[in-house]
Amino acid sequence: MAAVFLALLIFHWADVQTRLFAGMGAAFLMQCSSTGPRKRQMLTMIITGISMMVAVGLGSGLEAHKLAQDVLLAVVTFTVFYVRRFLPDQNMFPLFGFILFVLSTALPGGWARARMEMVAMAAGIPVTVAIYFFIYPHWPAVGFRDSLQLFLGKASFFMRALSDMLQVDRSEDTGVQLGELLIVMQEKMRFDQDLVDNFAPREAMARSRNTYYVLLVHQYEAYQAQRMLHEAMSQLLAARAGDNWRRHLKKLLLHLSEAFVALEEITAGAVSSRMAQPAALAAAEQEQLKTAIMEAGELFHPEIVHLFSVSIAARHLAKTQAQLEDGLLHLNRGVRA
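Caption draft 1: The overall build of the protein chain, seen in detail. Counting its secondary structure elements, the protein chain contains 12 helices and 0 strands. Sequence separation of at least 24 residues holds for 78% of the intrachain contacts in the protein chain that already meet a minimum separation of 6. Counting only carbon and sulfur atoms, one obtains 63% of the accessible surface of the protein chain, whose full area is about 16,900 Å².

As structure tokens, then:
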């Protein structure tokens, strides 16, 4: 918004069409940054801005040469898709150049107008680079924390939803909710992966880069453990096993949910943790569940296997939660130091 406002302010004296390209160029260019080191991001934005400026100038200037415009359209179309292979994240922002080029050919043109539009596009490059990298810089570390906090919140809801699966009358609705939560958590993990890859060597938080990588690994492990737990419970419930284990499993899932809530608080910046109580209660229920499994003599062998799978997945999740706690507390203390 700031880049668009400044671009329009600079060209307040120009005609509507010139101001249109100044505003659109600045708005589009703000989105033209890929992953990687800060220097690469800046270079990507500058090259993209220059390319869009040239495309707009040629599209507008060749108004009287329709065949040349058609040939140039084919070249631009090929280029915007071809250059994506050179972007680490295969981003789609080169399409902005295609949009601006098509717009320049559709509106009134000529070389005099093309020069003004190129000047408007060129002026937006330093404005956008200054705002994006120096005035309002992008901090991946802050975005990572916020995204991880949302992930942990969804993970807590996921564990409570798993406990609701043990109620026969709510199992169908709960299955839909669990699927949606898994999708959201997967999106958060991908977002965090992009942010961690985006950490630049000269950023203030770069000294903690390895810690963020470790947290990302534990985040993936927590997600996989929850998926394993969900699948094992689905198989167990489909086998219509007995009920002597349900009470212990429900308590175990609720304690694991409380542990995720405690992790949320640490992610928000707490230097101490209240995970000890839910972790201890979860461990106690884990032992009770193990005892219930061993006493389930009336169950067939496949059902006992499903119960063991649930127990193993829950134990792995509890271990991952402890690793997340250690990583987050270490990170918080390091930031304050």
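Caption draft 2: Inspection of helix α6 (residues 111-135) at higher detail. For α6, which comprises 25 residues, the first-to-last C-alpha distance of 35 Å matches the rise-based estimate of 36 Å (1.5 Å per residue) to within 8%. Of the positions making up α6, those classed as buried are Ala114, Glu117, Ala120, Met121, Gly124, Ile125, Val127, Thr128, Val129, Ile131, Tyr132 and Phe133. Along its buried surface, α6 packs onto α1 (2-10), α2 (16-29), α3 (38-61) and α5 (95-106).

Caption draft 3: Representation of the environment of Val83 within the structure. With respect to the helices and strands, the residue Val83 is situated in the loop between α4 (66-82) and α5. Sequence-wise, Val83 and Pro94 are 11 residues apart; in three dimensions their C-alpha atoms are separated by 7.7 Å.

Caption draft 4: Molecular detail of the nonpolar core. By size, the foremost hydrophobic cluster in this structure holds 52 residues, and its most contacted members are Met159, Leu162, Leu229, Met233 and Leu249. Only α7 (140-164), α8 (171-197), α9 (209-238), α10 (246-267), α11 (276-294) and α12 (301-336) provide two or more residues apiece to this core. Look past the residues within four positions of Met159 in its chain and what remains in contact with it is Gln226, Leu229, Leu253, Leu256, Ser257, Phe260 and Leu317. Counting residues in hydrophobic clusters, the runner-up holds 16 residues, among them Cys32, Met53, Leu100 and Phe133.

Caption draft 5: α5, seen in detail. Taking 1.5 Å as the rise per residue, α5 with 12 residues should run 16 Å; its terminal C-alpha atoms sit 17 Å apart, in good agreement. Within α5, the full set of buried residues consists of Gly97, Leu100, Phe101 and Ser104. Buried residues of α5, viewed axially, fall in a sector of 100°; they line one side. Of the surrounding secondary structure, the elements contacted by the buried residues of α5 are α2, α3, α4 and α6.

Caption draft 6: Layout of the pattern of salt bridges. Summed over all chains, the structure comprises 4 salt bridges. In this structure, Arg315 and Glu287 form a salt bridge, with 4.0 Å as the shortest nitrogen-oxygen distance. You can see Arg315 sitting in helix α12 and its partner Glu287 sitting in helix α11, a full 28 residues away along the chain. According to the relative accessible area criterion, Arg315 is partly exposed, its value standing at 42%. Taking relative accessible area as the criterion, Glu287 reaches 41% and is therefore assigned partly exposed.

Caption draft 7: Expanded view of the side chain of Thr128. Within the element layout of this structure, Thr128 appears in helix α6. Aside from chain neighbours lying at most four places away, what touches Thr128 is Ala3, Ala26, Leu29, Met30 and Met45.

Caption draft 8: A look at the confidence of the model for the protein chain. On average, residues of the protein chain score 83 in pLDDT, and 86% of them are at 70 or above. Low confidence marks residues 200-207, where pLDDT is under 50. Its contacts with residues over four positions away, or in another chain, come to 13 contacts.

Caption draft 9: Focus on the packing of α7 against α10. The N-to-C vectors of α7 and α10 enclose an angle of 170°; their axes lie 8 Å apart at closest approach. By the criterion of interaxial angle, the relationship of α7 to α10 is roughly antiparallel. Remark: the crossing between α7 and α10 carries left-handed chirality. Taken together, the residues of α10 that come into contact with α7 (itself represented by Arg145, Leu148, Gln149, Leu152, Gly153, Ala155, Ser156, Met159, Arg160, Leu162, Ser163 and Asp164) are Lys250, Leu253, Leu254, Leu256, Ser257, Glu258, Phe260, Val261, Leu263, Glu264 and Thr267. Tallied by class, residues from the contact of α7 with α10 come to 11 nonpolar, 6 polar and 6 charged.

How each quantity is defined
- Residues numbered from 1 in each chain as written.
- Predicted model: local features only at pLDDT ≥ 70, side-chain atom pairs only at ≥ 80, totals over all residues.
- Heavy atoms only, no water.
- Helix = DSSP H or I, 4+ residues; strand = E, 2+ residues; numbered from the N terminus.
- Contact = heavy atoms within 4.5 Å.
- Areas by Shrake-Rupley, 256 points an atom, 1.4 Å probe, with all protein chains shown as cover.
- Expected span 1.5 Å × (residues − 1).
- Buried < 20%, exposed > 50% of the residue type's maximum accessible area, 1.4 Å probe, protein only.
- Core = buried A, V, L, I, M, F, W, Y, C linked by side-chain atoms within 4.5 Å.
- Arc of directions from axis to C-beta.
- Salt bridge = Lys/Arg side-chain N within 4 Å of Asp/Glu carboxyl O.
- pLDDT = per-residue confidence, 0-100.
- Axes fitted to C-alpha atoms, helices over the stretch in contact; angles between N-to-C directions.
- Parallel < 35°, antiparallel > 145°, perpendicular 65-115°, else oblique.
- Left-handed = near helix turned anticlockwise from the far one by under 90°.
- Nonpolar A, V, L, I, M, F, W, Y, C, P; charged D, E, K, R; others polar.

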